[in-house]
Amino acid sequence: MALKLNDHYLQKFIRPQEYTNIQPAITAAHKQLVTRSGAGNDYLGWVDLPENYDKEEFARIKIAADKIRKSCDVLIVIGIGGSYLGARAVIEFMNGQLYNQVNGDAPDIYYAGRDISAASMNELLRICEGKDVCINVISKSGTTTEPAVAFRVFRALLEDKYGKDGARERIFVTTDRARGTLKSFSDEAGYETFVVPDDVGGRYSVLTAVGLLPIAVADIDIDALMRGANDARLAFSDDNIENNDCYRYAAIRNILYRKGKVTEILVGYETYAQMFNEWWKQLYGESEGKDSKGIFPASVIFSTDLHSLGQFIQDGTKNQFETVISVESSEDHFTIPNDPNNIDGLNFLSGMELDAVKNKAMLGTLLAHEDGGVPNIVLELKDRSAYSLGYMIYFFELACAISGYVLGVNPFDQPGVEAYKKNMFALLGKPGYEDQKAALEARL
Ligand code: PA5
């Protein structure tokens, strides 16, 4: 078990009977998933993916990653939402937020097409000056505005620098298998392409080429990542929440939600987990926030955020619960030095491992937040390996699906995302949106 759920800090908030009461809903959700009879059942490709992934493509991903590692100083990953968050979450979880500063000869990895910002675009273009650049554009639809604009820009940069033939060797495209303009355009241009499977939605796609190509460029063991995910798939197949921590997590979330705990805060104690938090927020926010329902997913990194949002969590509105990821063992060691003058009065810590101090900070916080009326779920992650991370990714994906079904929503669609797009296109004067444009402008 690379990940275990510790419910010690929930005991004041959830009675044993409440677990019994929610079991039938969990069993029903489990049945919906395994019989593929629930809402959004066209998007369950992620369920068996850790075992049934395309092995030929997996081998091509490794070859492409090697080619990118040998031929560029900078890899620009172009994508938004589910098309980039998973890769970035894994790369930073495994290699740290400062990866680009400590990666030696390996390519730096930057992210484009995830916003609409001249400042970001100009910054990235400056970074590319004088460097050898490759790009991996990732878009299932191939038509999402933000990555499409970025792809125009970086494709032109490569073609100016290397010519069309040279650019072809540096452009890697991850998109729909057959449909879509990006696929046909790439085939015509001769770019190497990778597949976002039809039955895997963006936020569930980190273990497809969407995540795996950039992750492999960062020299992370993608075999171990998949092995971890597959072991989680096998471990969490029993619908009984007494035996299945993944389903127990889904159950706890719904029990707390029904008691008015409408905000879940994912807590990490390592800055390298910050982008993992962002991936998790997208997974849960886009999956559950619909039909005027859902738990709002928020996140913090402690201890830094104990000096900002910590005040609110301890003393503010009591509508929240925390899910703490505790990485149980670390290869990183640092011993606190002695100060002969003990200016700060902290010599009682001299010679202590920094991680041991962190552990006490975590325990102290758990108790304080329990006193403050905040239920805490603790997820104990064995270590920071690719295997354990793959295990945790699958844990959260599966729990999200089950939790969404218990909540009574389709966890695999995202109809709400279209609203801003329609308005933006209308306001920008896209052909076909003339009526909406006039109506919107009248409201401005
Ligand atoms: O999770 C999702 O489905 C979304 O976040 C998409 O990944 C995001 O909107 C990007 O879409 P596309 O890959 O089609 O460009």
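Look a little higher up for the structure.
So, a few notes on the structure that sits alongside this text. Small disclaimer: the values here were computed from a predicted structure and weren't measured.

## Some remarks on the pairing of strand S3 (residues 108-112)
Consideration 1: Within S3, four of the five residues are buried, which leaves the element mostly enclosed by the surrounding structure.
Consideration 2: When strand S2 (residues 74-78) meets S3, the two strands line up parallel, connected through five bridges. Looking across to S3, one finds that Val74 is bridged to Asp108.

## A short note on helix H12 (residues 274-288)
Consideration 1: With 15 residues, H12 extends 21 Å from end C-alpha to end C-alpha; this agrees with the ideal 21 Å at 1.5 Å per step.
Consideration 2: Looking only at H12, the buried set comprises Met275, Phe276, Asn277, Trp279, Trp280, Gln282, Leu283, Tyr284, Ser287 and Glu288.
Consideration 3: Buried residues along H12 sit against helix H4 (85-95), helix H11 (245-258), strand S7 (263-268), strand S8 (296-301), strand S9 (320-327) and helix H15 (386-407).

## Let's talk about the nonpolar core
Consideration 1: Among the nonpolar cores identified, the biggest contains 106 residues, and Trp46, Phe93, Phe276, Trp279 and Phe396 are the most heavily contacted of them.
Consideration 2: The element best represented in this core is H15, accounting for 16 residues.
Consideration 3: If we ignore the near neighbours within four places in the chain, the residues touching Phe276 are Ala89, Phe93, Leu266, Ile325, Leu389, Met392, Ile393 and Phe396.

## A short note on the sheet that holds strand S1 (residues 3-6)
Consideration 1: If you trace the five strands from one edge of the open sheet to the other, you get S1-S10-S9-S7-S8, paired in mixed fashion. Taken across any chain shown, the strands that pair with only one partner, and hence form the sheet edges, are S1 and S8. Adjacent strand axes in the sheet meet at a mean angle of 20° when their direction is disregarded.
Consideration 2: Across four bridges, the pairing between S1 and strand S10 (residues 376-381) is antiparallel.

## With respect to the side chain of Glu288
Consideration 1: Along the polypeptide, Glu288 turns up in helix H12.
Consideration 2: Exposure remark for Glu288: the relative accessible area of 1% places this residue in the buried category.

## Remarks on the site of the ligand
Consideration 1: The full set close to the ligand counts 13 residues, and Ser83, Ser139, Ser141, Thr144 and Gln282 are the nearest of them.
Consideration 2: For the ligand, an oxygen atom lies 2.6 Å from a polar atom in the side chain of Ser139.
Consideration 3: Gly202 is positioned such that a nitrogen or oxygen atom in its backbone is 3.5 Å from an oxygen atom of the ligand.
Consideration 4: Considering the ligand on its own, with 380 Å² of exposed area, one finds that the protein chains cover 87% of that surface.
Consideration 5: Among the residues making up the shell around the ligand, the classes are represented as one nonpolar, nine polar and three charged.

## Re the packing of helix H2 (residues 45-52) against helix H10 (residues 222-235)
Consideration 1: In the contact formed by H2 and H10, the axes pass within 8 Å of each other and the chain directions differ by 120°. In this view, H2 runs oblique relative to H10, as classed from their interaxial angle. The two elements H2 and H10 cross, and the hand of that crossing is left-handed. In this structure, H2 uses Val47, Asp48, Leu49, Pro50 and Glu51 to contact H10, whose residues at the interface are Met226, Ala229, Asn230 and Arg233.
Consideration 2: Counted by class, the contact of H2 with H10 contains five nonpolar, one polar and three charged residues.

## Here we look at the pattern of salt bridges
Consideration 1: On inspection of all chains with the given rule, the structure shows 32 salt bridges.
Consideration 2: For Glu288, the salt bridge is made with Arg253, and the minimal N-O distance between the two is 2.9 Å. Placement of the pair is Glu288 in helix H12 and Arg253 in helix H11, with a sequence separation of 35 residues. The same class applies to Glu288 and to Arg253, which are both buried.
Consideration 3: Linked by salt bridges that have partners in common, Arg36, Asp48, Glu51 and Arg233 make up one network.

## Observations regarding unusual backbone geometry
Consideration 1: Cis geometry marks the peptide bond from Phe302 to Ser303; its omega dihedral reads 10°.
Consideration 2: With respect to the element layout, Ser303 can be found in the loop between S8 and helix H13 (310-315).
Consideration 3: The backbone phi angle of Arg36 is positive, close to 55°, even though this residue is not glycine.
Consideration 4: Structurally, the position occupied by Arg36 is in the loop between helix H1 (16-34) and H2.

## Description of helix H8 (residues 181-189)
Consideration 1: Turning to H8, its buried residues number three or more, namely Leu182, Lys183 and Ser186. All buried residues of H8 lie within an arc of 100° about the axis, which places them on one face of the element.
Consideration 2: Contact partners of the buried residues in H8: strand S4 (133-139), helix H7 (145-168), strand S5 (171-176) and strand S6 (192-196).

## Looking at the sheet that holds S5
Consideration 1: Spatially, five strands are ordered S3-S2-S4-S5-S6 in an open sheet, and the strand pairing comes out parallel. Where the open sheet ends on each side, the last strands, each with one partner, are S3 and S6. In this sheet, adjacent strand axes meet at a mean angle of 20° when their direction is disregarded.
Consideration 2: Here S2 runs beside S4; their pairing, made up of five bridges, is parallel.

## Points about the packing of aromatic side chains
Consideration 1: Enumeration over the complete set of coordinates arrives at 25 aromatic pairs.
Consideration 2: Each residue in the set Phe93, Phe236, Tyr249, Tyr272, Phe276, Trp279, Trp280, Tyr284, Tyr387, Tyr391, Phe395 and Phe396 is aromatic and connected to the rest through ring pairs, giving one cluster.
Consideration 3: Of note, Arg155 hangs over the ring of Phe151, and the distance from its end group to the ring centre comes to 4.7 Å.

## Here's the deal with the packing of H4 against H12
Consideration 1: Taken N-terminus to C-terminus, the directions of H4 and H12 make an angle of 150°; their axes are 7 Å apart at the nearest point. Taken together, the axis directions place H4 and H12 in an arrangement best described as roughly antiparallel. Handedness of the H4/H12 crossing: left-handed. Here H4 contributes Leu85, Gly86, Arg88, Ala89, Glu92 and Phe93 to the contact with H12, which in turn contributes Met275, Phe276, Glu278, Trp279 and Gln282.
Consideration 2: Classifying every residue of the contact of H4 with H12 gives six nonpolar, two polar and three charged.

Procedures and definitions
Residues numbered from 1 in each chain as written. Predicted model: local features only at pLDDT ≥ 70, side-chain atom pairs only at ≥ 80, totals over all residues. Heavy atoms only, no water. Buried < 20%, exposed > 50% of the residue type's maximum accessible area, 1.4 Å probe, protein only. Helix = DSSP H or I, 4+ residues; strand = E, 2+ residues; numbered from the N terminus. Pairing = 2+ DSSP bridges. Expected span 1.5 Å × (residues − 1). Contact = heavy atoms within 4.5 Å. Core = buried A, V, L, I, M, F, W, Y, C linked by side-chain atoms within 4.5 Å. Axes fitted to C-alpha atoms, helices over the stretch in contact; angles between N-to-C directions. Near = heavy atom within 4 Å. Polar contact = N/O pair within 3.5 Å; in protein donor to acceptor, adjacent residues only side chain to side chain. Areas by Shrake-Rupley, 256 points an atom, 1.4 Å probe, with all protein chains shown as cover. Nonpolar A, V, L, I, M, F, W, Y, C, P; charged D, E, K, R; others polar. Parallel < 35°, antiparallel > 145°, perpendicular 65-115°, else oblique. Left-handed = near helix turned anticlockwise from the far one by under 90°. Salt bridge = Lys/Arg side-chain N within 4 Å of Asp/Glu carboxyl O. Arc of directions from axis to C-beta. Phe/Tyr/Trp six-rings, centres within 6.5 Å; stacked < 30°, edge-to-face > 60°. Lys NZ or Arg CZ within 6 Å of the ring centre and 35° of its normal.

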